[in-house]
Amino acid sequence: LKNPNIILNEIATGEIKPFKIKDIQSVNNLDVPPNRYYFEYIPNSNKIYKLVTYNNNQCRRETSTLFYNSLNYINKVETLTEDFCSQEEFTTIYNYNYVNGVLKSVISNNTSFIFENYFSYYVDGKISIIYSVGKPKSDTTPNRTFMKTYLTYDINGNVKTKEGDQNDQYNIKTTFEYDNKPNPLKGLYINNIFLSPIERLGILSENNIISTKNEYTNKSEILPIINSIKYTYINNKVVKYSFGINSNTYFINYQ
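The rules behind each value
Residues numbered from 1 in each chain as written. Predicted model: local features only at pLDDT ≥ 70, side-chain atom pairs only at ≥ 80, totals over all residues. Heavy atoms only, no water. Helix = DSSP H or I, 4+ residues; strand = E, 2+ residues; numbered from the N terminus. Buried < 20%, exposed > 50% of the residue type's maximum accessible area, 1.4 Å probe, protein only. Contact = heavy atoms within 4.5 Å. Disulfide = S-S within 2.5 Å. Core = buried A, V, L, I, M, F, W, Y, C linked by side-chain atoms within 4.5 Å. pLDDT = per-residue confidence, 0-100.

Trainee: What is the right way to read the environment of Asn-171 from this model?
Mentor: Along the chain, Asn-171 falls in strand β12 (residues 169-182). The class of Asn-171 is partly exposed, set by a relative accessible area of 39%. A sequence separation of 48 residues divides Asn-171 from Lys-219, and the C-alpha atoms of the two residues are 8.9 Å apart. Setting aside its immediate chain neighbours within four residues, Asn-171 contacts Gly-164, Glu-215, Tyr-216, Thr-217 and Asn-218.

Structure, rendered in structure tokens:
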């Protein structure tokens, strides 16, 4: 894994900038209960102390508590999952691992499953490749197949393209387009489950994704799929965004 010359550790700051988000709530046209996300911060800072998530089946609450190291990067996240319908609960630990101050991996596990993410970098501190694998703890196979995600960036520090492969066979290339407004969710990498409020790679970008184009790099006969995201801004702050008809619309409230 290649190391950077500049240490950014963008997904390990635990910060929401420049405006602190109070909560995010979703609505949709299908009469499905909303997803809800509530943020708590370390006093007098933009660093998240706790994130409480309610998913749309209303049975499950996830409470993620963040712990920081001496360099003020995330050291560990403990996520308590409570299922009120089944009366079950479990804790997932996400360990952030560093070498010479550089975030090299985030590895999580709970009672039944393990997720591993490893990072390779460009010299400017941006993540170039993400190696990911997930498997049940019952799987003791020594050889693991990693999903690789290759990233490029534009001059504004936004992820321009994403390509993934498995066993060295390219699958889908995604190209992103952006607005020119600050991304309120940049760096928000809490755990592997927290994906709903934002396109996964939006956490690495300075601005907000307004469209994605997915195309098969080895199947030119399949037409690209283009999706758009619509935003509402107040004083350059995103207060509302949606992914299209019959999808969730998200409302962001700030402190």
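So, next bit.
Trainee: When you look at the state of the cysteines in this model, what are you seeing that I'm missing?
Mentor: What we call a disulfide is simply a covalent bond connecting the sulfur atoms of a pair of cysteines. Under the counting rule described, the total for this entry stands at 1 disulfide. Paired by a disulfide, Cys-59 and Cys-85 hold their sulfur atoms 1.6 Å apart. Since a negative S-S torsion denotes a left-handed disulfide, the Cys-59-Cys-85 link at about -65° is left-handed. Of this pair, Cys-59 sits in the loop between β3 (48-54) and β4 (60-68) while Cys-85 sits in the loop between β5 (74-83) and β6 (88-99), and the two are 26 residues apart along the sequence.

Trainee: So what exactly am I meant to see when it comes to unusual backbone geometry here?
Mentor: Negative phi is the rule for most residues except glycine; trans is the rule for most peptide bonds. Between Lys-17 and Pro-18 the backbone carries a cis peptide bond, its omega angle lying at -5°. Along the chain, Pro-18 falls in the segment before β1 (21-27). With a phi angle near 70°, Asn-72 is a residue other than glycine that sits in the positive phi range. Inspection of the secondary structure puts Asn-72 in the loop between β4 and β5.

Trainee: I would appreciate a short explanation of the nonpolar core in the present structure.
Mentor: Within soluble globular proteins, side chains that are nonpolar tend to cluster in buried spots. Residues Ile-21, Phe-39, Tyr-96 and Ile-127 are the most contacted members of the largest nonpolar core, which totals 42 residues. Ignoring any residue separated from it by four or fewer positions in sequence, one finds Ile-21 in contact with Ile-16, Phe-39, Tyr-41, Pro-184, Leu-185, Ile-252, Asn-253 and Tyr-254.

Trainee: What am I meant to see in the confidence of the model for the protein here?
Mentor: Low pLDDT means the predicted coordinates in that region are not meant to be read closely. With 90% of its residues at a pLDDT of 70 or more, the protein has an overall mean of 87. The secondary-structure element of the protein with the lowest mean pLDDT is strand β11 (residues 159-166), recorded at 83, while strand β15 (residues 230-234) shows the highest, at 94.

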